Amino acid sequence: MDYRKVISESWVYTQSNKKLILWFGFFPSLFTTTAGVLYIAYQFFAFKKSYLFNSEDESFFHDVVSFIWDFIGAHVSWTGPLVVVIVIAGLFYLLFPTLAKAAAIQVIARNKNGQKTGVGKGMRYGLMSYLQLFEYHLLIKTFAFFAILIEMSFVLRNLGPVIFKFLLPIFIIFILVSLALTLLFTYTDFYIVIDDKGVFKSMKDSARLVIMNWTHTFLITILMILIGIRIIIQVVMVFLIPLLVVLITGYIATITIPATSIIIGAVVGFVGLVISAYLNGIVDIFSYTVWTHTFLEITSKKETTARDLFVDDLGSEDHDYHGHKNLG
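Just so it is clear, the model here is predicted, and its values are computed rather than measured.

Colleague: So what about the overall build of the protein chain? Which residues, and what values?
Modeller: On a plain count of helices and strands, the protein chain comes out with twelve helices and zero strands. Tracing the protein chain from N to C terminus, the helices and strands come up as α-α-α-α-α-α-α-α-α-α-α-α. Classification of the 328 residues of the protein chain by burial places 34% in the buried group. Considering only contacts within the protein chain whose residues lie at least 6 apart along the sequence, 72% involve residues at least 24 apart. A total accessible area of about 20300 Å² is found for the protein chain, and carbon and sulfur atoms account for 73% of it.

Now the structure itself:
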């Protein structure tokens, strides 16, 4: 496999398909990045109000619940529309990123094989494998690296550093297992979406494909680096957006009226969110393209078993196990 060619062609394909970036990269990332910003902001203030940094008895969760209750009491007429908006946004966050990934893989794979497929057809084909892919994502999230970090932060914030140190070896083991499973299940999404296989069958075939094609570790390493770059970008932006909002709002509030500071802070936060989502969308589509092309190439080759006769480059004569030609 020509790794450099795969990377180069995938980048050219990504840059020439802006609609894929917009619909299957940017919009899904907009929801996931927003959720990440809200969650990181919550974790930051939750740690700030915890006993580790504060002596107050009330937690940040209590403050959030009190704020929501007071807001509902003061703005009863807004409650219904806000609930509808939150529910719709939540459903999009839970459902749309998975559908977008399935659709993107379908479009990329079909384009690779010479089929003219756009966003509309990709969405239609993606729907066919959506339920299986959604089931797999729900299953694998239990072992996701980010989920383990959430559990670690919960233990540290609520149970204390002593119990956290006691459980740290277990968390480290879970992290190592998570990384191993992430590597073994690299091609599960593609078996589900492209070959229409079941969840557990796809997981099994993915693990086998990774093991049998260990010589492609170099490409896998490159892709892991790409994923790492995406995570770094997202983490930086996730921390940067709320930080910019808080700093700008706080500064402006000291020199002008609070309403103006809130508006300016909201505009800055929204711009940062859009930029972050677009960058993540580009990296997502690029990664999907590289993985899809790699999957199609290595699965197109017939796997040699122990029962297959050896055929040399000159003809079709088989040899015995010492390498000598069988004469009959």
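From this point, the narrative continues.
Colleague: Residue-level account of the nonpolar core, with values.
Modeller: Counting residues in hydrophobic clusters, the biggest one holds 20 residues, and the most contacted among them are Leu 133, Tyr 136, Tyr 187, Phe 190, Leu 209 and Phe 295. Broken down by secondary-structure element, the contributors of at least two residues to this core are helix H4 (76–112), helix H6 (130–140), helix H9 (188–194), helix H10 (199–212) and helix H12 (258–299). The contact partners of Leu 133, leaving out residues within four places of it in the chain, are Thr 98, Ala 102, Asp 189, Ile 192 and Val 193. Core analysis: the second largest hydrophobic core is formed by 13 residues, Leu 20, Ile 21, Ile 285 and Tyr 288 among them.

Colleague: Describe in detail the packing of H4 against H6, supporting the description with residues and values.
Modeller: Contact geometry of H4 with H6 gives a least axis separation of 10 Å together with a crossing angle of 120°. Seen from above, H4 lies across H6 with right-handed handedness. Contacts from Leu 94, Leu 95, Thr 98, Leu 99, Lys 101 and Ala 102 of H4 reach H6 at Tyr 130, Leu 133, Phe 134 and His 137. Looking at the contact of H4 with H6 residue by residue, the class counts come to seven nonpolar, two polar and one charged.

Colleague: Would you mind going over the packing of helix H2 (residues 18–49) against helix H3 (residues 60–74) in detail, with residue names and values included?
Modeller: Direction vectors running N to C along H2 and H3 enclose 120°, while the axes themselves pass 8 Å from each other. With respect to their mutual orientation, H2 and H3 come out oblique. Along the contact surface, H2 presents Tyr 42, Phe 45, Ala 46 and Lys 49, while H3 presents Phe 60, Phe 61, Asp 63 and Val 64. In terms of residue class, the contact of H2 with H3 is made up of six nonpolar, no polar and two charged.

Scoring rules and cut-offs
Residues numbered from 1 in each chain as written. Predicted model: local features only at pLDDT ≥ 70, side-chain atom pairs only at ≥ 80, totals over all residues. Heavy atoms only, no water. Helix = DSSP H or I, 4+ residues; strand = E, 2+ residues; numbered from the N terminus. Buried < 20%, exposed > 50% of the residue type's maximum accessible area, 1.4 Å probe, protein only. Contact = heavy atoms within 4.5 Å. Areas by Shrake-Rupley, 256 points an atom, 1.4 Å probe, with all protein chains shown as cover. Core = buried A, V, L, I, M, F, W, Y, C linked by side-chain atoms within 4.5 Å. Axes fitted to C-alpha atoms, helices over the stretch in contact; angles between N-to-C directions. Left-handed = near helix turned anticlockwise from the far one by under 90°. Nonpolar A, V, L, I, M, F, W, Y, C, P; charged D, E, K, R; others polar. Parallel < 35°, antiparallel > 145°, perpendicular 65-115°, else oblique.

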